[in-house]
Amino acid sequence: PTSLPRSRWNSACVTCNELNSKLDTQVWLDSDGDIRCQWVFDTDDIAVSPAVAEAAVSRVLNGLQEVKKAFGR
C-alpha cells in the first residue's frame, strides 16, 4: 500500500497515465490512494504453460519496478 495523500492524487494520476502509455500493464490509483498494477490475459479455452505463467508474473513485477521508480519508492 502506498496511501498517497489526497494532495498528491492529481500528479499521481498523471504519472499513472504516463506509465500506462509506456508499459503494457495497467497502473491506477485506487480509492484509498494506493497504486495498483496488473496485467490481464485471456486464458479461456487454452492451456497455460509454466513458461507463460512465469512470463505473466515477470511482466507484472517489471511493471511494479517501473511504478516504484516513477514514484520514487
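You'll find the structure just up there.
Residues numbered from 1 in each chain as written. Predicted model: local features only at pLDDT ≥ 70, side-chain atom pairs only at ≥ 80, totals over all residues. Heavy atoms only, no water.

Colleague: Let's hear about the overall build of the chain: which residues, and what values?
Modeller: Within the chain, the regular secondary structure consists of two helices and two strands. Traced from its N-terminal end to its C-terminal end, the chain shows the element sequence α-β-β-α. Seen through its C-alpha atoms, the chain measures out along the principal axes to roughly 45 × 20 × 20 Å. Relative to its 73 residues, the chain shows a buried fraction of 29%. Residue pairs at least 24 apart in sequence account for 46% of intrachain contacts in the chain once pairs closer than 6 positions are excluded. About 5,100 Å² of surface is accessible on the chain, with carbon and sulfur atoms providing 51% of the total. Taking the average location of the 8 positive side-chain charges in the chain and that of its 10 negative ones, the two points are 12 Å from each other. (Helix = DSSP H or I, 4+ residues; strand = E, 2+ residues; numbered from the N terminus. Buried < 20%, exposed > 50% of the residue type's maximum accessible area, 1.4 Å probe, protein only. Contact = heavy atoms within 4.5 Å. Areas by Shrake-Rupley, 256 points an atom, 1.4 Å probe, with all protein chains shown as cover. Lys, Arg positive; Asp, Glu negative; His and termini not counted. Charge placed at Lys NZ, Arg CZ, Asp CG, Glu CD.)

Colleague: How would you sum up the nonpolar core? Please name residues and give values.
Modeller: One finds Leu4, Trp9, Ala12, Cys16, Leu19, Leu23, Val27, Leu29, Ile35, Cys37, Val67 and Phe71 forming the largest nonpolar core, which totals 12 residues. When contributions to this core are tallied by element, the ones reaching two or more residues are α1 (9-22), β1 (26-29) and β2 (35-38). Setting aside its immediate chain neighbours within four residues, Trp9 contacts Leu4, Leu29, Asp30, Ser31, Asp32 and Gly33. (Core = buried A, V, L, I, M, F, W, Y, C linked by side-chain atoms within 4.5 Å.)

Colleague: Account for the pattern of salt bridges, naming residues and giving values.
Modeller: Where charged atoms from two side chains of opposite charge approach closely, those side chains can pair. For the structure on display, the rule yields five salt bridges. Among the salt bridges present, the one from Asp24 reaches Arg59, with a minimum N-O distance of 3.0 Å. Taken together, the positions of Asp24 in the loop between α1 and β1 and Arg59 in helix α2 (residues 50-70) put the pair 35 residues apart, joining distant regions of the chain. Accessibility expressed as a relative area gives 31% for Arg59, which makes it partly exposed. Of the charged contacts in the structure, one is a salt bridge between Arg36 and Asp34, with a shortest N-O distance of 3.8 Å. Within the structure, one salt-bridge network assembled from shared partners comprises Lys22, Glu66 and Lys69. (Salt bridge = Lys/Arg side-chain N within 4 Å of Asp/Glu carboxyl O.)

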